[in-house]
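Take a look at the letters that make up each chain.
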Amino acid sequence: MLAGCTVTKTICPCEAPEIIRLGKKEIEINAQISLIDTTASSKMKVIIWLTTPDHTTLPTNFEADYYYLRSSNLVRDAFEGKFTRKNTDFDKGIMELEATNAPHWEKGELVDIAVHLVDSHGKIHFLKKDALPVQSANRE
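The rules behind each value
- Residues numbered from 1 in each chain as written.
- Predicted model: local features only at pLDDT ≥ 70, side-chain atom pairs only at ≥ 80, totals over all residues.
- Heavy atoms only, no water.
- Helix = DSSP H or I, 4+ residues; strand = E, 2+ residues; numbered from the N terminus.
- Buried < 20%, exposed > 50% of the residue type's maximum accessible area, 1.4 Å probe, protein only.
- Contact = heavy atoms within 4.5 Å.
- Areas by Shrake-Rupley, 256 points an atom, 1.4 Å probe, with all protein chains shown as cover.
- Phe/Tyr/Trp six-rings, centres within 6.5 Å; stacked < 30°, edge-to-face > 60°.
- Lys NZ or Arg CZ within 6 Å of the ring centre and 35° of its normal.
- Core = buried A, V, L, I, M, F, W, Y, C linked by side-chain atoms within 4.5 Å.
- Lys, Arg positive; Asp, Glu negative; His and termini not counted.
- Salt bridge = Lys/Arg side-chain N within 4 Å of Asp/Glu carboxyl O.
- Polar contact = N/O pair within 3.5 Å; in protein donor to acceptor, adjacent residues only side chain to side chain.

Engineer: Just checking my understanding: could you explain the overall build of the protein chain for this structure?
Structural biologist: When you go through the protein chain residue by residue, the secondary structure sums to 0 helices and 9 strands. For the protein chain, buried positions account for 41% of its 140 residues. Pairs at least 24 apart in sequence give 63% of the contacts found in the protein chain among residues at least 6 apart. Here the protein chain has roughly 7700 Å² of accessible surface; of this, 50% comes from carbon and sulfur atoms.

The following block contains the structure:
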């Protein structure tokens, strides 16, 4: 599926793992994608959780800056966006990243999501979760 992956960063997130090691810690990715259903917006909300599998403290030597979406519908272009909200609890081993600027894709559409990380040495890392279904809008 490399044909649908066009990203301008040093490493293509198409082949990224779900767990990486930064220093002595492992970090894994989980995510949810849902439609935003308002009259003012026709977009998707992306929530990504980066956690340590053993629920210990997160390493402090990395920054999450971009996310990428690639649909199973290959007619769609890949999407690159910045997070609109970040909430990190290093002691509990969780970083919650949110974006409300993703394009509107169809409910049930399968989407690969990748996160671009930069460590304290400037090295680029990617984490990726495959085939997440776009969920219905959360009624709040």
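Engineer: Help me out: how do you make sense of the packing of aromatic side chains in this one?
Structural biologist: What characterises a pair of aromatic rings is the spacing of the ring centres plus the angle enclosed by the ring planes. For the structure shown, the criterion picks out 3 aromatic pairs. Their ring planes at 35° and their centres at 5.4 Å tell us that Tyr-67 and Phe-83 sit as a pair that is tilted. Of this pair, Tyr-67 sits in strand 4 (residues 62-71) while Phe-83 sits in the loop between strand 5 (79-82) and strand 6 (85-89), and the two are 16 residues apart along the sequence. Among the residues examined, Tyr-67 registers a relative accessible area of 0% and is labelled buried. Measuring from ring centre to ring centre gives 5.8 Å for Tyr-68 and Phe-126, while their planes differ by 55°; the resulting arrangement is tilted. Remark: Phe-126 occurs in strand 9 (residues 124-135) and Tyr-68 occurs in strand 4; sequence separation between them is 58 residues. Sitting over the ring of Tyr-66, Lys-82 keeps its end group 4.5 Å from the ring centre.

Engineer: So what exactly am I meant to see when it comes to the nonpolar core here?
Structural biologist: Nonpolar side chains in soluble globular proteins tend to end up buried together. Grouped together as the largest cluster of nonpolar side chains are 30 residues, with contacts concentrated most on Val-46, Ile-48, Leu-50, Leu-69 and Val-115. For this core, the secondary-structure elements that each account for two or more residues are strand 1 (19-22), strand 2 (25-37), strand 3 (42-51), strand 4, strand 7 (94-102), strand 8 (110-119) and strand 9. Considering each element in turn, this core owes the most residues, 5 residues, to strand 2.

Engineer: What am I meant to see in the side chain of Asp-65 here?
Structural biologist: Tracing the backbone through its elements, the reader meets Asp-65 in strand 4. For Asp-65, which is buried and forms no salt bridge, the nearest opposite charge comes from Lys-82, at a distance of 5.5 Å. Among the polar contacts listed, one links the side chain of Asp-65 to the side chain of His-116, at a separation of 2.5 Å. With residues near it in sequence (within four places) discarded, Asp-65 still touches Gly-81, Lys-82, Phe-83, Lys-86, His-116 and Val-118.

Engineer: Explain unusual backbone geometry to me, please; I cannot follow it from the model alone.
Structural biologist: Glycine aside, residues mostly have negative phi, and peptide bonds are mostly found in the trans state. Even without a glycine there, the phi angle at His-55 is positive, about 60°. Inspection of the secondary structure puts His-55 in the loop between strand 3 and strand 4. Given a relative accessible area of 63%, His-55 falls into the exposed group. A positive phi is found at Ala-131, a non-glycine position, where the angle reads about 55°. With respect to the helices, strands and loops of the structure, Ala-131 is situated in strand 9. A relative accessible area of 41% places Ala-131 in the partly exposed class.

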